[in-house]
Amino acid sequence: MKKTPFITLEKAKEIAAQIPTPFHVYDEAGIRRNARALKEAFAWNKGFKEYFAVKATPNPFIIKILQEEGCGCDCATYTELVLAEAAGVTGHNVMFSSNVTPEKDMRKALQMGAYINLDDATYVDFLAQMGDVPETVCLRYNPGGSFSLGNTIMDMPRDAKYGMTEDQMAGAILRLMELGTKHFGLHAFLASNTGTNEYYPELASQMFRLAVRLRNATGAHIAFINLSGGIGVDYRPEQPSCDIRVIGEGVRNRYESILRPQGMDDIAIFTELGRFMLAPYGHLISTVLHQKHIYREYVGLDACAADLMRPAMYGAYHHITVLGKETAILDHVYDVTGGLCENNDKFAVERSLPAIQIGDIVAIHDTGAHGHSMGYNYNGKLRSAEVLLHPDGSFQMIRRAETAADYFATLDFAGLEYKW
Ligand SMILES: *Cc1c(COP(=O)(O)O)cnc(C)c1O
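Summarised in this report is the structure supplied together with it.

Procedures and definitions
- Residues numbered from 1 in each chain as written.
- Predicted model: local features only at pLDDT ≥ 70, side-chain atom pairs only at ≥ 80, totals over all residues.
- Heavy atoms only, no water.
- Buried < 20%, exposed > 50% of the residue type's maximum accessible area, 1.4 Å probe, protein only.
- Helix = DSSP H or I, 4+ residues; strand = E, 2+ residues; numbered from the N terminus.
- Pairing = 2+ DSSP bridges.
- Right-handed = clockwise from strand over helix to strand, strands pointing away.
- Core = buried A, V, L, I, M, F, W, Y, C linked by side-chain atoms within 4.5 Å.
- Domains from an automatic or database assignment.
- Contact = heavy atoms within 4.5 Å.
- Near = heavy atom within 4 Å.
- Polar contact = N/O pair within 3.5 Å; in protein donor to acceptor, adjacent residues only side chain to side chain.
- Areas by Shrake-Rupley, 256 points an atom, 1.4 Å probe, with all protein chains shown as cover.

### Quick look at the pairing of strand E5 (residues 115–118)
A regular strand carries its side chains on alternate faces of the sheet.
Okay, step 1: Side-chain alternation along E5 places Tyr115 and Asn117 on one buried face and Ile116 and Leu118 on a second face that is also buried.
Okay, step 2: Bridge count for strand E4 (residues 94–97) against E5 is 3 bridges, and the pairing is parallel. Along E5, the bridge assignment pairs Phe96 with Ile116.
Okay, step 3: Note that the unit made of E4, helix H5 (residues 103–112) and E5 has a crossover that is right-handed.

### Some thoughts on the nonpolar core
In a soluble, globular protein the nonpolar side chains are often hidden away together inside.
Okay, step 1: With 89 residues, the main nonpolar core has Phe42, Leu118, Tyr200 and Met277 as its most contacted residues.
Okay, step 2: Looking at this core, the element that brings in the most residues is helix H8 (residues 199–218), giving 10 residues.
Okay, step 3: Looking at this core, you find at least three residues from each of domain 1 (28–279) and domain 2 (280–408).
Okay, step 4: Dropping the residues within four chain positions of it, Tyr200 is found in contact with Phe42, Leu227, Ser228, Gly229, Ile231, Ile247, Val251, Thr271, Glu272 and Leu273.
Okay, step 5: Ranked by size, the runner-up nonpolar core spans 16 residues in total, among them Val299, Tyr334, Phe347 and Ile356.

### Section: the site of the ligand
Okay, step 1: As a structural note, the neighbourhood of the ligand is formed by 14 residues, with Lys55, Gly230, Glu272, Gly274 and Arg275 the closest of them.
Okay, step 2: Between the ligand and Gly230 there is a distance of 3.1 Å, counted from an oxygen atom to a backbone nitrogen or oxygen.
Okay, step 3: Arg275 is positioned with one of its backbone polar atoms (N or O) 2.8 Å from an oxygen atom of the ligand.
Okay, step 4: Coverage of the ligand by the protein chains reaches 90% of its 380 Å² of free accessible surface.

### Digging into the side chain of Lys346
Okay, step 1: Examined against the element boundaries, Lys346 turns out to sit in strand E16 (residues 346–353).
Okay, step 2: There is a polar contact of 2.9 Å between the side chain of Lys346 and the side chain of Asp335.
Okay, step 3: Excluding residues that lie within four positions of it along the chain, Lys346 makes contacts with Arg296, Tyr298, Pro311, Asp335, Val336 and Thr337.

In short, the description is geometric, and any link to function would need to be established separately.
Next comes the structure, spelled out in structure tokens:
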């Protein structure tokens, strides 16, 4: 499908007059529309809840919008827990899905009354030693082997560090029941950025069968199944996009055929989506600073991999629109780069684009998740601002850009107490 930016050149210029490029901008209307579609797709399940994976876009203004749409937070660290709490998300509106968990992080999650999602069976003793074993505990599953849909191998759980084996889960449940736990959740994240409507239904079917086996083996009450993240987005224009209604119906079919006959139809479905909730509703807006003509044609932006790491890190495709030239013919081929002293700092390689001039403003698509949040300070690059575009066209800066003072804030060194 053709990819159309949610922002016009005029609006980008209006924002840039106050908040210089580069900046990430988020489309509030799109975020809300999508969150509602997810909720509707799972409305058949009484306890359904999405726990937004905070790591995708850790900004309290975004968390607040999602909270208004009925979402909680999925956190993995102390800092993410503090962020959720600051946004007013606490108690069972928080899922704590951590691994290699420090005691300080676990204490914070327990103190907030979050659902604790244990990555390993040894954490049962950790909870017992801390003297705080919750009434409901979630356990993370790793089935080993490969995860396939039809003939396609999607991922290799046996190579993943996460979760525990089925035997370990059964053991953990029995021990937790001795310690007073009454309800259990089951969690698994078996494939990332999937582009098919079949991922969740297949995962659900494996998890529902697991729930039946664990209930039969231990007598435990399974209260929820957390399908975690993994629903992908169409980064490329030619890629099909997932249909959340079809996905919701697919999960419902498995629920009806596997859980209902077992009398287990009180189980709530939880999700922990990050990318699906935010990626399409963010653009990285950047200005063309430089052009050069050597063995290839280069366009240099004021943004770099420190603002969006995915292309440099995974060779990920992000669509680029030159604002104001949406309908121009794509008759030029450019490498679009940032200014890091790293040759992989390229947003696009040999990309067909319209003729570009210095001063043009580009929108890099699908940067709403794992965009700003993966930013870093290599080469002394400073992280960009984040801007929220409201449905009425007004906008609000929801994080200022870093300054050199931020970069030096962790140093205590004569000469660096400079007035920036
Ligand atoms: C990253 C992560 C998610 C979100 O994944 P997406 O691919 O962004 O949907 C959910 N749960 C856990 C435990 C994660 O680590």
